[in-house]
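Structure at a glance
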Amino acid sequence: MIGVIVDLLRAARRRTGVLVLLGALPVAAAVAGPAYIDAAQRTIVADEVAAAKPNETVLSFVPTLTEGDLGDVFERVGATEFATPGFDLHFGTAFDVAPRDLNLAWKLSYRDEVCAHVTLDAGRCPTGRGEVMIGFQSATQLGAGVGDAISFRQSRFDSVEGAPQVVRLGKAAPLSIVGVYRPTDPTEAFWGPVPPFPPGLFTDPRVVTNATFSQVGVEPIYTSRATTKLYDKLEVNESQVYDLVADPDQLTLDWVDHYPAEVARMTAAAAGIRSGFVVGTDPLVKRIEQSRAAVTSLVPWLAMTVVPLCWFVIFLAAASGAESRRTELGQVAVRGLPLPYRWWLAAGPDAIAVVAGAPLGWLAGQVVGSYAVPGGDVDLSLGSALRRFAAVAVVGAVLAVVLAYRPVVTGRAIDLVRKVTRQGGAWRSVTVDAMVVALAAFAVVEARAVEGPVRGGLATLAPVLVILAGALLVGRLLAPAARRAGRRALAAGRLAGALSGVELSRRTAPRRAVTLAVLGAALLCFTVLAVDAGDAARAQRAGIELGAARVLDVNQVSGGTLRAAVRAADPDGRWAMGAVAIPATGSGPPTVAADTERLATVAWPGSVPADLLHRLRPAVAPSVRVTGNRIQVDATVVMPTFDPTRDTFREGSEPELWIVVQPPGEGERTVPLGDLQFGRHRYTGNLPECGVGCRLVALEAQPVPVALELTVHEISQLQPDQVVAGAGLLDDPARWRATTEDRNTATAPKLTTGAGTITVEMAPSNSAQRLVVADVTEVLPILRTTSNIARETDTGWAIASPGHSDPVPATAVGALSTLPGVGGSGTLVDLDYLDRAAPMGAGARPQVWVGPDAPADAVSRLGDAGLIVLGETVAADRAAYEDRAGAALAARYELVTAAFAVLLVLLGLGLVAAVERADRSARGRVLRAQGVAARTLRASARLLDLWPVLLGVLLGPLLALTAWALARSATPVFLDAGWPMALPILPDPVTLGLVWAGCALLLLVALAGLRRRTRF
């Protein structure tokens, strides 16, 4: 029997080779999934560690002992207790010292291996007792350099008459400056979770100025451990710390797996010596675990779709072979060969070929799975973990061969010899198709019902099940359609079309070829569309959350200064826009105040419709500008219920008049004009430096102990002399508004105009009452997102303004699912209007949004306008980072499954075509004997070969679009559920056209490779 099997394999070498490849595919698919998961997890860890912030790779131990009990216990014991593989242990200590002649305090610090992380401008690192090195900025503050000796005493800050003051304690210790340093990288993890260098120290000169004003030395003074012992008795607080700084090469997948146990061990060690343990790596590990969970939960389900498909194609290939051997096996049955031998003779050659392909699939699966991950590499040590997956794949492939040969082994011998196919099992085929359709419908319902990203389960299989159900229905409906087409062709006298239609309707092999072609084209098309849509969605999210293609963080400036500087750098408004990111408050979501006149040009394309942008800047009166050095108000005061001849104000309650102005780029400044006087009077006051012009905000009276009428006749400036608000402006009620500081409507002033004046009637109130220039809306218009977080509170909308104590009342004039700069939750307001409503001081996060048309010297132009760029974030970089996260890596495995599917379809079509060619030649000779022309038979054969290509090209992409419309929510895109924008119903038409053409090209190449001239 073995010899017969070997002869059968030799007789069909080409078919055997294809079956070997088919046998390799289920094993490769089964092994590729776990190999991909392992490589993806290693890539996730490496990428997250590389992208981690410095403080996310540091573990810190700080003593909880009181100052008197501290001593050297923590330093001595911690050196052994805190040592951890993969981390460098650094001890540090610091306390405040101050020189005798300067009212500035520095940190006298020691840190292990500090000399390896600084660059010396002069001198050397301190090694001996009493030697120090100072920062290059501190050298300027001290006015000292290498070779100088300065005595320092311990110091601390005390409040003296309400102001912080440096207080010196203890004896002075002479310190010799032996070096001047600058940190090689001031933000690296070596410096600990909070670097000792202020942000912007090396780029913004104002940092040093502000530090000097605050009596603080801007850099630590580093010294040897022996020098800190010069101070025998510390009278100030000394901080000690052990920082465990991670070696990125040691933060591997194995480290992440052991992380919980290691953290528990270190926490216990810290408690054992009365120390606190600050775990800075938790956010990093959380992101890693989130990405790993996406990969490990999704990839097995995606891999699960390929292995059964491999078995299905093996079944079809074996069934085609069984169909061609019906007569041969029928003759064996007639001769009375026992059933077990008939099974071995029938299915044995195909089963052996399938099993022979398993070792090839074992190696190919590991290589494909590993290298399909960007930056992945093969780990052959996974062999033991993959054996069970490979074994299941081999067993399934053999069972598929056995099931394919069952009809010809168990069928009646007379039917086999006569090549008569029994139709009694048709109901089973219909039942299987119906079950697949029902399962696809259930999966679609589950996928659409899931809130948030799909993480495994039947919902993950929804697109594949829809495509499989569609391909089976195409094969099911093809028989009656081909029969009808054949009859019409026969009636029209087209004999070749009639023969191909009859052949297609009666024989299962050509219909299986069509099913395979449609299935392969649809899977390939859907996968490419899904991966492309996922990449586009991540790029869109990165751009919208960031706000623009590039966002530059700049030095702390007010909103007005930022807007003016950006407009000076880009006067045409083509590439730059000022924005201030205002963090969330206790009562409201995060807000972005942007120069919305430029948003449509600079911000991420399509992030806000133009009609909504116009709502953020409703028409208002122009501002009133003051350019002089002094201000003068001509006003009349009447107090109807107060008689100055017999009534007096209580001490401290005399009403005063103030004028409120906003200098360029600054917050509000209140200028006193003196006590209010009865009758008409001119009130004057000195203005701050106005430069190009201060904005006149309001006239203010406070307090108002009695009812009061203030009539303003004229507001003018001095030096240069000029009327600021004359009769025409004061007589226009649309240019003014009366308010109270506490916005109490019960005590709100009443406003009347006439005869070139304006009169404010004020009710008694302790709050300031204002006559406000109406150059901004009373209620600030904003856009909000539709998320639950960005909902109006019980007290209405209110927007915080940096440097302003009270929030600004606002009203939502529109809602979108996302907004630039805040993503899926937040509000958007116009920067200029917010600055007018509540003049903005320095604070929050000033930014410059830069569009794609920015010139190469954009940063230089911003610098010339007075802005210092501290950092840059690029939307493309953020999108690239997300493309290597767990959800994107899981989606990328769909490309692997599509590649397997395409290869399966091509091999399956090849086998079906080879079997059909032999049978078609035999049937053609019979028809030739009956008088059918050879040309007609060849034309019919060409049509039969063309059907799978035509239907695959036409129906495959349409089926993919159907699956996309029904089950696109099953496509893994993001790790979280915080992005409200769904994938589009229709994919990108360019991508669709390209993939459609690619499917056609693949099928045409397959057709050309498989076509041979059939001899009749």
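An unreviewed UniProt entry lists the protein under the name FtsX-like permease family protein, from Asanoa hainanensis.

This part is about the overall build of the protein. When helices and strands are counted, the protein shows 29 helices and 31 strands. Counting only residues that meet the buried cut, the protein has 52% of its 1016 residues in that class. A separation of at least 24 residues holds for 80% of the contacts in the protein among residues at least 6 apart in sequence. Roughly 45000 Å² of accessible area belongs to the protein as shown, and the carbon and sulfur atoms make up 57% of that amount.

Let's shift gears to the side chain of Thr 759. The topology assignment puts Thr 759 in strand β24 (residues 757–762). Here the side chain of Thr 759 touches Thr 711 through a polar contact of 2.9 Å, side chain to side chain. In this view, Thr 759 contacts Glu 709, Leu 710, Thr 711, Lys 750, Leu 751 and Thr 752; residues no more than four positions away in its chain are not counted.

The next point concerns empty space enclosed by the protein. Counted according to the given criterion, the structure contains six cavities of 30 Å³ or more. Taken as a whole, the largest cavity encloses approximately 190 Å³ of empty space. Considered class by class, the residues forming the lining of the largest cavity number 11 nonpolar, five polar and one charged.

Formed by 139 residues in total, the largest nonpolar core has its most connected members in Leu 22, Phe 61, Val 401, Tyr 405, Ile 467, Tyr 893 and Phe 900. In terms of residues, this core owes the most to one element, helix α10 (residues 282–324), which gives 19 residues. Setting aside anything within four residues of it in sequence, one finds Ile 467 in contact with Leu 519, Ala 522, Leu 523, Phe 526, Leu 959 and Ala 963. Counting 38 residues, the second-largest nonpolar core is a separate cluster that includes Val 624, Val 633, Cys 694 and Met 762.

Attention shifts here to the environment of Leu 616. Following the sequence through the fold, Leu 616 ends up in the loop between α22 (610–615) and β14 (625–626). Distance from Leu 616 to Asp 830, taken between C-alpha atoms, is 6.2 Å for residues 214 residues apart in sequence. Residues in contact with Leu 616, not counting those within four places in the same chain, are Thr 596, Pro 781, Ile 782, Leu 783, Val 813, Leu 828, Asp 830 and Tyr 833.

A full pass over the atoms with the stated rule returns two disulfides. Between the sulfur atoms of Cys 115 and its disulfide mate Cys 125 the distance is 2.3 Å. Judged by the torsion about the S-S bond (-135°), the Cys 115/Cys 125 disulfide is left-handed. Pair noted here: Cys 115 is in the loop between β3 (106–111) and β4 (118–123) and Cys 125 is in the loop between β4 and β5 (131–135), with a separation of 10 residues, a long-range link.

We now examine a nonpolar patch on the surface. On the surface, Val 437, Leu 473 and Leu 477 cluster together to form a nonpolar patch covering roughly 250 Å² of accessible area. When you line up the elements, Val 437 lands in helix α16 (residues 426–449). Judged by its relative accessible area of 32%, Val 437 falls in the partly exposed class.

For the rest of this paragraph, the subject is the sheet that holds strand β31 (residues 869–874). On the basis of which strands lie adjacent, the open sheet formed by nine strands has the order β27-β28-β26-β29-β13-β12-β30-β11-β31 and mixed pairing. The open sheet is flanked by β27 (797–799) and β31, the only strands paired with a single partner. The average angle at which neighbouring strand axes cross in this sheet is 35°, direction not considered. Bridge count for β27 against strand β28 (residues 808–816) is three bridges, and the pairing is antiparallel. Residue Ala 798 lies in a different strand from β28, and its bridge partner there is Pro 809. Here helix α20 (residues 559–569) sits on the sheet in contact with β11 (550–554), β12 (576–582) and β30 (845–850), set at roughly 160° to β12.

The next point concerns the environment of Leu 959. Tracing the backbone shows Leu 959 in helix α28 (residues 934–967). Leave out the neighbours within four places in its chain, and Leu 959 touches Val 466, Ile 467, Gly 470, Ala 471, Val 518 and Ala 522.

Tracing the sequence through the fold places Glu 48 in helix α2 (residues 13–51). On the accessibility criterion, Glu 48 (5% relative accessible area) is buried. Sequence spacing of Glu 48 and Arg 884 is 836 residues, and the spatial spacing of their C-alpha atoms is 9.2 Å. Residues in contact with Glu 48, not counting those within four places in the same chain, are Leu 284, Arg 287, Ile 288, Ser 291 and Tyr 881. Side chain to side chain, Glu 48 and Arg 287 meet in a polar contact 3.2 Å long.

Relative to the elements of secondary structure, Arg 836 occurs in helix α24 (residues 831–837). The exposure class assigned to Arg 836 is buried, which follows from its relative accessible area of 16%.

Here we take up helix α12 (residues 339–356). Helix length check: α12 (18 residues) gives 25 Å between terminal C-alpha atoms against 26 Å at 1.5 Å per residue, within 8%. Ala 347 marks the point of greatest bend in α12, at about 50°, and the proline Pro 349 comes within the next four residues. All of the buried residues in α12 are Arg 342, Leu 345, Ala 346, Ala 347, Gly 348, Pro 349, Asp 350, Ala 351, Ala 353 and Val 354.

Reading the values: rules and limits
Within each chain, residues carry numbers counting from 1 in the order of the written sequence. Restriction of local features to residues with pLDDT of at least 70 applies here, the model being predicted, together with a cutoff of 80 or more for giving and counting side-chain atom pairs; totals for whole chains, interfaces and linings are based on all residues. Side-chain numbers here rest on the full set of heavy atoms in the structure, without hydrogens or water. To qualify as a helix, a DSSP run of H or I must reach at least 4 residues; to qualify as a strand, a run of E must reach at least 2; elements of each kind are numbered from the N terminus. Exposure categories follow from relative accessible area, calculated using a 1.4 Å probe and restricted to protein chains: below 20% of the type maximum is buried, above 50% is exposed, and the middle band is partly exposed. Here, residues are in contact when the closest pair of their heavy atoms is within 4.5 Å. Each accessible area is a Shrake-Rupley result for a 1.4 Å probe, and residues are judged covered by the shown protein chains and nothing else. The term polar contact refers here to a pair of N or O atoms within 3.5 Å; inside protein, the definition further demands a hydrogen-donor-capable atom paired with an acceptor-capable atom, and it admits residues adjacent in sequence only when both atoms are side-chain atoms. Space inside and on the surface of the protein is sampled on a 1 Å grid over the protein atoms alone, with a cavity defined as a set of points where a 1.4 Å probe fits but cannot get out and a pocket as an open set with protein on both sides within 12 Å along at least 5 of 7 lines; lining residues have an atom within 4 Å of a point. Grid points are joined across faces, edges and corners, and a volume is the space filled by probe spheres set on the points. Under the scheme applied, nonpolar residues are Ala, Val, Leu, Ile, Met, Phe, Trp, Tyr, Cys and Pro; charged residues are Asp, Glu, Lys and Arg; polar residues are all the others, including Gly. Nine residue types can take part in a nonpolar core, namely buried Ala, Val, Leu, Ile, Met, Phe, Trp, Tyr and Cys, and a core is a set of them joined through side-chain atoms within 4.5 Å. The disulfide criterion is simple: two cysteine sulfur atoms within 2.5 Å. Only residues above 30% relative accessible area that lack a salt bridge enter a patch, with like-charged residues linked at up to 9 Å and the nonpolar side chains Val, Leu, Ile, Met, Phe, Trp and Tyr linked at up to 5 Å. The term salt bridge refers to a pairing of a side-chain nitrogen on Lys or Arg with a carboxyl oxygen on Asp or Glu at a separation within 4 Å. In this analysis, strands are considered paired if DSSP registers two or more bridges between them. Angles here are taken between N-to-C directions and fall from 0 to 180 degrees, while the axes themselves are lines fitted to C-alpha atoms, restricted in helices to the stretch in contact. Here the expected length of a helix is defined as 1.5 Å per residue gap, with one fewer gap than residues. Fitting one axis to the seven residues ending at a residue and another to the seven starting there, the bend at that residue is the angle between the two axes.

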